[in-house]
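Next come the chains, spelled out residue by residue.
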Amino acid sequence: MEVHAQLSTRSKMFCSCPTDYLGAAPNTNVCPVCLGMPGVLPVVNGRAVEQVVKTALALDCEVARHTKFDRKNYFYPDLPKGYQISQYDLPMARGGRLEVDGRSVRITRVHLEEDTGKLLHAGDALQTASESLVDLNRSGMPLMEIVSEPDIHSADEARDYAMALRAILRAIGASEADMEKGQLRAEANVSVRPTGSGELGVKTELKNINSFRALQRAVDHEIRRQVAVLESGEAVVQETRGWSEADQATFSQRSKEYAQDYRYFPEPDLPPLELDPAWVEELRAGLPELPATRRRRFGDQYGLPEFDADQLTQEAATADLFEATVAAGTPAKQAANWIIGEQPRLGAGYLAELIGLVLAGTINRDQGRQVLADAQASGRAPGEIVRDSGLAQVSDESALEVVVERVPAENPQAVADFKAGKQQALGALQGKVKAASGGTANMKVVQQMLRDRLSE
């Protein structure tokens with residue numbers, strides 16, 4: 001896997017242009033440096049270097065003491081200089097690993113480069129069938145590339161690897177890693193081989209994948225395609241392929257280049273970098289708790305199932321909300337259920353108050369969802385909403401007695417079905433009591449009252 005992540009910096013990789021280019025008119029977020037004008041000199045973005053080192057440390061890589069930039073030469077309309085400033089033989093880090101679903105995926109290298117512009121081809125908005133346009137607003141954005149060893153063996157593992165990597169990047173603040181915004185781009189190199197063979201097959205590279213779902217589908221399709229090619233007696237061609245969401249299939253784009261095709265040589269306008277080991281250790285000490293560690297702790301400390309712990313630690317903000325809600329007095333499992341199921345946009349205090357109202361029987365779960373929506377829209381406290389809206393559940397048996405007596409009398413068939421052993425008939429009666437009470441009846445109390453009434 002090759003994963004490219006746009007780094008969270010205020011300015012581009014080698015110039016002072018801002019990185020907040022989304023939504024800007026084409027070719028307005030540019031300067032002579034990122035336009036590749038003759039005679040300009042790049043300057044390294046120190047924040048970008050820091051973000052790459054933090055990522056490398058989070059992936060347990062060995063950070064290089066000495067590193068440099070290189071020119072990767074190729075000609076394409078979105079690359080105005082005719083070369084990309086990247087790293088070749090002395091990347092910033094090597095030899096890490098990422099734990100994915102109990103397996104270790106080795107990391108080959110982590111390096112730093114600049115992003116290219118963006119081409120809009122025929123079929124995109126505003127284009128006719130005979131033209132392509134280029135937007136260089138993205139040109140020069142700081143881009144980190146993370147390359148793994150061939151330790152991923154299925155389409156599901158490829159998707160899970162990319163998602164685990166995104167969780168780390170967001171946890172350490174290296175990148176927002178939003179695939180819809182193009183901040184995270186995954187390129188899978190796929191090959192197949194006969195069972196028992198130790199030699200890797202000919203690979204194809206899948207480009208322009210813009211979602212985790214598309215990544216899983218593209219890899220799955222490419223595996224099946226290559227197997228079919230080999231079983232027909234033909235040979236897999238090393239090439240770059242795209243993914244068509246409409247056709248649910250990969251398609252050939254161009255023959256795959258080799259390293260020598262790019263004619264790498266050291267970037268003459270940038271000096272080599274020496275990374276101070278003391279500075280690197282400062283960054284290591286400042287890393288937050290990583291998602292895998294936090295996931296294990298949530299299981300051990302809060303007794304959460306593996307699924308809950310995994311869902312809660314995909315985003316640092318979600319994990320923080322869970323812990324703050326528990327600290328406010330909510331049982332861990334109940335906090336997890338509400339956060340995973342409802343994805344609330346409330347502070348921990350209000351969320352704990354809401355869950356407490358449900359657990360106390362003041363309101364039921366459906367009413368809780370209604371209060372949640374109101375609290376998110378208005379900013380009012382859940383308790384205040386319940387009081388002002390008259391949503392509190394009716395738990396007083398004397399207040400429920402009339403409707404609990406009337407509903408069975410009006411539904412003799414459901415009563416007969418229940419007495420014949422059909423338990424679902426009780427649920428039907430409960431639903432009618434709930435409707436008759438305007439949704440305010442406490443269903444636990446109603447259930448027991450109905451059982452007592454029907455056993456007479």
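Our structure's up above, just so we're on the same page.
If you're wondering where the values come from, they're calculated on a predicted model, not measured in any experiment.

What follows concerns the sheet that holds strand S6 (residues 93-100). Pairing within the open sheet is mixed, and its nine strands lie in the order S2-S6-S7-S10-S1-S11-S12-S13-S14. Among the strands making up the open sheet, the edge pair consists of strand S2 (62-63) and strand S14 (249-255). As defined by bridge partners, strand S12 (residues 204-209) adjoins strand S13 (residues 239-244) across two bridges and the pair is classed as parallel. Considered in S13, the bridge of Leu206 is made with Arg241. The strands touched by helix H3 (residues 212-231) are strand S11 (184-190), S12, S13 and S14; relative to S12, the strand with the most contacts, the crossing angle is about 155 degrees.

Our focus in this paragraph is the sheet that holds strand S5 (residues 83-86). Across the sheet, which stays open at both edges, the three strands sit in the order S5-S4-S15 with antiparallel pairing between neighbours. Looking at which strands have only one partner, the edges of the open sheet turn out to be S5 and strand S15 (265-266). Both strand S4 (residues 70-73) and S15 contribute to a ladder of two bridges, which runs antiparallel. Counted as the bridge partner of Asp70 is Pro266 from S15.

Another aspect to go through is the packing of aromatic side chains. As enumerated under the stated definition, the model contains seven aromatic pairs in all. For the ring pair Phe298 and Phe322, a centre distance of 5.0 Å and an interplane angle of 45 degrees mean the geometry is tilted. Residue Phe298 is found in helix H5 (residues 291-302), and its partner Phe322 is found in helix H7 (residues 316-327); the two are separated by 24 residues along the sequence. For Phe322, a relative accessible area of 0% gives the class buried. Grouping aromatic residues by their ring pairs yields a cluster made of Tyr74, Tyr88, Tyr262 and Tyr264. Above the ring of Tyr262, the side-chain terminus of Lys72 is found at 4.5 Å from the ring centroid. When the ring centre of Tyr83 is taken as reference, the NZ or CZ atom of Lys81 above it lies at 5.4 Å.

Turning next to the side chain of Arg138. Position of Arg138 relative to the elements: it lies in the loop between strand S9 (133-135) and strand S10 (142-148). A relative accessible area of 16% places Arg138 in the buried class. At 2.8 Å, the side chain of Arg138 and the backbone oxygen of Gly117 are in polar contact. Every residue in contact with Arg138, bar those within four places of it in the chain, is listed here: Gln6, Lys12, Tyr21, Asp115, Thr116, Gly117, Lys118 and Arg185.

Take the environment of Ser255 next. For Ser255, the location among the structural elements is in strand S14. Judged by its relative accessible area of 55%, Ser255 is exposed. Along the primary structure Ser255 and Thr330 are separated by 75 residues, whereas in three dimensions their C-alpha atoms are 57 Å apart. The contacts of Ser255, once residues within four sequence positions are left out, are Gln238, Glu239 and Thr240.

One finds Met1, Val53, Leu59, Val110, Leu112 and Tyr161 to be the most contacted residues of the largest nonpolar core, which totals 59 residues. The dominant element in this core, judged by the number of residues it contributes, is helix H2 (residues 155-172), at eight residues. Val53 has contacts with Val63, Met92, Leu275, Trp279, Val280 and Leu283, leaving out every residue within four places of it along the chain. Formed by 28 residues, the second largest nonpolar core is a distinct cluster that contains Tyr302, Ala332, Ile363 and Ile385.

Let's shift gears to the layout of surface pockets. Put simply, the second largest pocket is a space of about 750 Å³. For the second largest pocket, the lining is made up of 30 residues, of which Leu98, Glu99, Val100, Ala292 and Arg295 are closest to its centre. Elements with a contribution of two residues or more to the lining of the second largest pocket: helix H1 (46-58), S6, H2, H5 and helix H6 (306-312). Partitioning the lining of the second largest pocket into residue classes produces 15 nonpolar, five polar and ten charged.

In this section: unusual backbone geometry. The residue Asp60 is not glycine, and still its phi comes out positive at about 60 degrees. Along the polypeptide, Asp60 turns up in the loop between H1 and S2. Asp60 gets classed as partly exposed once you look at its relative accessible area, which sits at 42%. One non-glycine residue, Gln343, adopts positive backbone phi at about 45 degrees. Considering the arrangement of structural elements, one finds Gln343 in the loop between helix H8 (332-342) and helix H9 (348-359).

With that out of the way, let us pick up the environment of Lys434. By secondary structure assignment, the location of Lys434 is in helix H14 (residues 424-436). In sequence terms Lys434 and Ala348 are 86 residues apart; their C-alpha atoms lie 30 Å from each other. For Lys434, the residues in contact, after removing those within four places along its chain, are Asn364, Asp366, Gly439 and Met443. Within polar-contact distance, the side chain of Lys434 engages the side chain of Asp366 at 2.8 Å.

Turning our eyes to something else, we now look at the pairing of S13. Summarising burial for S13: six of the six residues are buried, a large majority. With H3 bridging S12 and the parallel S13, this β-α-β connection has left-handed handedness. Strand direction decides the pairing type here: S13 and S14, joined by six bridges, are antiparallel. In the strand pairing of S14, Thr240 is matched with Arg254. What sits between the antiparallel neighbours S13 and S14 is a turn of four residues, in which Gln248 has the positive phi angle 55 degrees.

Calculation rules
Each chain has its residues counted from 1, running along the sequence as written. Only residues with pLDDT of at least 70 get local features here, since the model is predicted, and only at 80 or more are side-chain atom pairs given and counted; chain-wide, interface and lining totals rely on the full set of residues. Note that water and hydrogens are dropped before the side-chain values are worked out from all heavy atoms of the structure. Whether two strands pair depends on DSSP finding at least two bridges between them. Secondary structure elements follow DSSP: runs of H or I of four or more residues count as helices, runs of E of two or more count as strands, with numbering from the N terminus. Throughout, a contact is declared for two residues whenever any of their heavy atoms are within 4.5 Å. Axes here refer to lines fitted to C-alpha atoms; in helices the fit is confined to the stretch in contact. Angles between the N-to-C directions go from 0 to 180 degrees. Aromatic rings from Phe, Tyr and Trp, with only the six-membered ring used for Trp, were paired whenever their centres fell within 6.5 Å, and each pair was classed as stacked if the ring planes differed by under 30 degrees, edge-to-face if by over 60, and tilted otherwise. For every residue, the accessible area obtained with a 1.4 Å probe (protein chains only) is divided by the maximum for its type, and the residue is called buried under 20%, exposed over 50%, and partly exposed between those limits. To sit over a ring, a charge needs its Lys NZ or Arg CZ within 6 Å of the ring centre and within 35 degrees of the ring normal. Distance and chemistry together define a polar contact, namely a pair of N or O atoms within 3.5 Å, with one atom able to donate a hydrogen and the other to accept it when in protein, and with adjacent residues in sequence counting only for side-chain atoms on both sides. Only buried Ala, Val, Leu, Ile, Met, Phe, Trp, Tyr and Cys residues count toward a nonpolar core, and they belong to the same one when joined by side-chain atoms within 4.5 Å. Of the two site types, the cavity is a set of points on a 1 Å grid over the protein atoms alone where a 1.4 Å probe fits but cannot get out, and the pocket is an open set with protein on both sides within 12 Å along at least five of seven lines, each lined by residues with an atom within 4 Å of a point. Grid points are joined across faces, edges and corners, and a volume is the space filled by probe spheres set on the points. Three classes are used: nonpolar for Ala, Val, Leu, Ile, Met, Phe, Trp, Tyr, Cys and Pro, charged for Asp, Glu, Lys and Arg, and polar for all others, with Gly counted as polar. Call a crossover right-handed when, viewed with both strands pointing away from you, the route from the first strand across the helix to the second goes clockwise.

The values reported here are purely geometric and, on their own, carry no functional implication.
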